[in-house]
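Residues per chain are reported as follows:
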Amino acid sequence: MLAYVISRLGQLVIVLFVVSIVIFILFRVLIPGDPAAAMLGMDYTEEAYQALRRSMGLDSPLIVQYGRWVAGVVRGDLGISIVDHLPVNGLVLKRLAVTFTISLIAIALSGLIAVFVSLATAYYNNSWFDHIVRTLSMTGICMPTQWLAILLMLVFAVWLRLLPAGGYQRLSEGAEAISYLILPVATLVSQQVATLVRFLRSNVLDVLNADFIRTARSKGLPEHAVLLRHALRNSVIPFITLLGLGFAKMVGGMVIVERVFNIPGLGRLLVRAIANRDYPVIQAAVLIAAGIYVMVNLLVDISYVWIDPRIRYGRRTGG
Amino acid sequence: MARRRHHKSKSKGPFHQAAHRLLKYPPAWLSLLVLLALILVAGLAPHIAPYSPYKLVAKPILAPQASHLLGTDAVGRDILSRIIYGARVSLSIGFFSALISLAAAIPLALIVGTIGGIVEALIMRFTDGLLAFPTIIIALAVVSVVRPTILTISMAISIAFFPRLLRLIRSEVLIVAKSDFVEAARAIGSPYLRILFHTILPNITSPILVGFAVYFATAILMEAGLSFLGFGVAPPTPTWGFMISQGLVYLRAAPWFSVAPGFAIFIAALALNRFGDALRDVLDPRILIGGGLE
């Protein structure tokens, strides 16, 4: 187990290295426009420009700039924002907390709902319940996130006036903060559940047709024990894989949900930074998003081994 | 087993059979019908649209009425006409994104899936690195670098799709490459490229076709997301995604402004995903590619 975890951590380092190079090339080499000139605004002298370039380290060769950036990241220093002139660390951390809270709640809820819904649809295969769930799932997948969010906002905030139409309060500020979370979380959860159920349903169906389920029934186990103890447990691996993949989809959803509901999260920061060509902030936000995704998938891989002893450590290929 | 069998006959080939079954399968031709209707609307936009999508034709924020079926937008342009013209942007970007990403992924997947060894391992590790970026973030990053046009946005979305398609098609190549007829082709000394494109490629057409439909739909949703965030084809060209964001401010007074273009995106994505599902049901239910995971 330990050797497996260590080898996966080794791969993680390689993947993060690739990620950092891609980010650097994309935002430092390919983006047109000079950040120093952008920082100075419309009116500046040549001396001031050269001095700023030197102080930002833009006059060094690219490889040195890359080395400096990576060294900074390793030390936990993400640089200074070109637009706000503030350390990126502070900007990013505050917003990361917001995005993290919302996506964690959404992931947990959607996982829980998806397991039971797909268990039920597979159990009542081809019933009216199954058909309704499958239709809803297809609908959820095909709805643009912003549209679903706006429809929910229209019904629950504008017409029924039950919930606020946007904004965000920290959970520590009391119960009212929860009302701000409901619509964004509902948007993310509906789409996540729609995706998860679509793929999980066929998995659970395979499990329900397996021999060991017949054995469990024939030895007289009650139906709920067959479902919850045998069927559920054997559907866990594909479920965890999907949850890991779904996490990447959720990041995309977050960017849009934050815009619709005016939530001060990482997604809004990223969109604003891209519009302003604020490259230290873009690099940091993208690096964090990619880093979290890689970590989640590492946890997914490790949990396979932990859950299912049949998977041999270190012998999984690609997958 | 249709997919795994060696494709050889020309006349009554598997494609004739598949097309025949497709036309007898209601979900398939229904979604195809909706799709054709959308393509017609986009193609004939100047003849169908009641007004110009650019001209100010009435007072701003009019409610839906006989002369403006979906009302007017914030400056007094006809929303229905803008949605009809918006179909052009959405459908072309969806089509080109699916086409470009597949055209790039197929040859590389054929090579990577058959070559093995250290080269394959290196390429797949690199792909893993690219997979770490959520698609919308790659697309946003690329769009921020280039001037947004239909072609550059299609390229941006293709770059985001590419590593995902490469993995999916490679897994299909791996299955076919192990089969006896590929071994036989090698044994009789067929050249490498001939094996790739004449022996393996015809046997992975089903997943490629399904993938095309599904990624067409996904690209439409992604374009809608990009233009909603303000990174789509530059205004005044109408795009469905940007219309939603323009309408957001008027949600209370004129909900149809945002809701109508969203519905158009939904219908387009639904028709394509349903068609992809129907294709899979008809061709081979075990195909791995499915909508919704990007």
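Not measured: the values here are computed from a predicted model. Residues take numbers from 1 onward in each chain, read along the sequence in its written order. For this description, chains carry letters from A and ligands carry numbers from 1, given in the order in which they are written. Only residues with pLDDT of at least 70 get local features here, since the model is predicted, and only at 80 or more are side-chain atom pairs given and counted; chain-wide, interface and lining totals rely on the full set of residues.

1. Looking at the overall build of chain A
- Helix and strand counts for chain A stand at 13 helices and zero strands.
- Its helices and strands taken in sequence order, chain A reads α-α-α-α-α-α-α-α-α-α-α-α-α from the N to the C terminus.
- Seen through its principal axes, chain A has C-alpha atoms that stretch 85 × 55 × 35 Å.
- Evaluated residue by residue, chain A yields a buried proportion of 34% over its 319 residues.
- Throughout, a pair of residues is in contact if the C-beta atoms placed from their backbones lie within 7 Å. When contacts within chain A are restricted to residue pairs at least 6 apart in sequence, long-range pairs at least 24 apart make up 71% of them. Only DSSP runs of H or I covering at least 4 residues are called helices, and only runs of E covering at least 2 are called strands; the numbering of each starts at the N terminus. Any residue surrounded by 20 or more other C-beta atoms within 10 Å of its C-beta is treated as buried, while 12 or fewer makes it exposed and the intermediate range makes it partly exposed; C-beta atoms here are placed from the backbone.

2. Points about the overall build of chain B
- In terms of helices and strands, chain B carries 12 helices and zero strands.
- Counting from the amino terminus, helix and strand elements in chain B follow one another as α-α-α-α-α-α-α-α-α-α-α-α.
- With the C-alpha coordinates of chain B rotated into their principal frame, the extents come out at 75 × 45 × 25 Å.
- Contacts in chain B between residues at least 24 apart in sequence constitute 72% of all its contacts with a sequence separation of at least 6.

3. A closer look at the interface of chain A and chain B
- Opposite the 41 residues of chain A that make contact, chain B presents 40 residues.
- Elements represented by at least two residues in the side of chain A that touches chain B include exactly helix H1 (2–30), helix H6 (128–142), helix H7 (145–159), helix H8 (176–208), helix H11 (236–260), helix H12 (266–276) and helix H13 (279–307) of chain A.
- At eight residues, H11 of chain A tops the list of elements feeding residues into the side of chain A that touches chain B.
- When the residues that make up the side of chain A that touches chain B are grouped by side-chain class, the tally is 33 nonpolar, five polar and three charged. For this scheme, ten residues count as nonpolar: Ala, Val, Leu, Ile, Met, Phe, Trp, Tyr, Cys and Pro. Four count as charged, namely Asp, Glu, Lys and Arg, and the remainder, Gly too, count as polar.

4. Observations concerning the packing of H7 of chain A against H8 of chain A
All names here are of chain A.
- Contact geometry of H7 with H8 gives a least axis separation of 10 Å together with a crossing angle of 135°. By the angle between their axes, H7 is oblique relative to H8. Handedness of the crossing formed by H7 with H8: right-handed. When H7 is examined against H8, the residues Thr 145, Leu 148, Ala 149, Leu 152, Met 153, Phe 156 and Ala 157 are found in contact with a partner set consisting of Leu 183, Ala 186, Thr 187, Ser 190 and Gln 191.
- Partitioning the contact of H7 with H8 into residue classes produces eight nonpolar, four polar and no charged. Axis definition: a line fit to C-alpha positions, over the contact stretch in the case of helices; interaxial angles, taken between N-to-C directions, run 0 to 180 degrees. Relative orientations are named as follows: roughly parallel for angles under 35 degrees, roughly antiparallel for angles over 145 degrees, roughly perpendicular for angles from 65 to 115 degrees, and oblique for any other angle. When the near helix sits turned anticlockwise from the far one by under a right angle, the crossing is termed left-handed; a clockwise turn instead gives a right-handed crossing.

5. What to know about the environment of Ile 100 of chain B
All names here are of chain B.
- Within the secondary structure, Ile 100 is located in helix H4 (residues 79–115).
- Classification of Ile 100 as partly exposed rests on a count of 19 C-beta atoms within 10 Å.
- Along the backbone, Ile 100 and Phe 161 are 61 residues apart, and their C-alpha atoms lie at a distance of 9.6 Å.
- In contact with Ile 100, other than residues within four places in its own chain, are Ser 154, Met 155 and Ser 158.

6. Some thoughts on the confidence of the model for chain B
All names here are of chain B.
- Each residue carries a pLDDT score, the predictor's confidence in it, ranging from 0 to 100. Per-residue confidence for chain B gives a mean pLDDT of 87, with 93% of residues at or over 70.
- The weakest mean pLDDT in chain B belongs to helix H1 (residues 14–23) at 79; the strongest belongs to H4 at 95.
- This model gives residues 1–5 a pLDDT under 50, and the stretch forms nine contacts once residues within four places in sequence are excluded.
- Listed scores for the predicted complex are pTM 0.89 and ipTM 0.89.

7. Points about the nonpolar core
- Buried Ala, Val, Leu, Ile, Met, Phe, Trp, Tyr and Cys residues whose C-beta atoms connect them within 7 Å together make up a nonpolar core. In this structure, Ala 285 of chain A together with Ala 139, Ala 213 and Ile 265 of chain B are the most contacted members of the largest nonpolar core, which totals 159 residues.
- Of the residues that make up this core, three or more belong to each of domain 1 (15–74) and domain 2 (93–265) of chain A.
- Discounting chain neighbours no more than four positions away, the residues touching Ala 285 of chain A are Val 92, Leu 266, Leu 269, Leu 270 and Ala 273 of chain A. In this entry, domain limits derive from an automatic or database-based domain assignment.

8. With respect to the packing of helix H10 (residues 205–228) of chain B against helix H11 (residues 240–248) of chain B
Residue and element names in this part refer to chain B.
- Following both chains from N to C, one finds H10 and H11 inclined at 40°, their axes separated by 6 Å at the closest point. Accordingly, the angle class assigned to the pair H10 and H11 is oblique. Regarding H10 and H11, the two cross each other, and that crossing is right-handed. Of the residues in H11, those touching H10 at Glu 223, Ala 224, Gly 225, Leu 226, Ser 227 and Phe 228 are Trp 240, Gly 241, Phe 242, Ile 244 and Ser 245.
- Residue composition of the contact of H10 with H11, grouped by class: six nonpolar, four polar and one charged.

9. Describing unusual backbone geometry
- For the peptide bond that leads from Pro 235 of chain B to Pro 236 of chain B, omega is 10°, which places it in the cis range.
- Mapped onto the elements, Pro 236 of chain B comes out in the loop between H10 and H11.
- The backbone phi angle of Arg 277 of chain A is positive, close to 55°, even though this residue is not glycine.
- Following the sequence through the fold, Arg 277 of chain A ends up in the loop between H12 and H13.
- Of note, Ile 61 of chain B is a non-glycine position whose phi angle comes to about 50°, a positive value.

10. Focus: the confidence of the model for chain A
All names here are of chain A.
- For chain A, the average pLDDT comes to 85, and 93% of its residues sit at 70 or higher.
- The secondary structure element of chain A with the lowest average pLDDT is helix H2 (residues 35–40), at 70, and the one with the highest is H7, at 95.
- A low-confidence stretch, residues 314–319 (pLDDT under 50), is modelled with five contacts involving residues beyond four sequence positions or located in other chains.

11. A closer look at H12 of chain A
- Among all positions in H12 of chain A, only Leu 266, Gly 267, Leu 269, Leu 270, Val 271, Ala 273 and Ile 274 of chain A are buried.
- The inward-facing, buried residues of H12 of chain A contact helix H5 (88–123), H11 and H13 of chain A together with helix H6 (135–145) of chain B.
- The positive-phi residue at the C-terminal boundary of H12 of chain A is Arg 277 of chain A, with phi of around 55°.

12. Regarding the environment of Pro 60 of chain B
- Considering the arrangement of structural elements, one finds Pro 60 of chain B in the loop between helix H3 (45–48) and H4.
- Spatially, the C-alpha atom of Pro 60 of chain B lies 4.9 Å from that of Val 75 of chain B, the residues being 15 residues apart in sequence.

13. Considerations on the environment of Leu 232 of chain A
Residue and element names in this part refer to chain A.
- When you line up the elements, Leu 232 lands in helix H10 (residues 223–234).
- The class of Leu 232 is partly exposed, set by 16 C-beta atoms lying within 10 Å.
- In this structure, the C-alpha to C-alpha distance between Leu 232 and Val 204, residues 28 residues apart in sequence, is 7.8 Å.
- Not counting residues within four places of it along the chain, the set of residues in contact with Leu 232 comprises Leu 119 and Leu 227.

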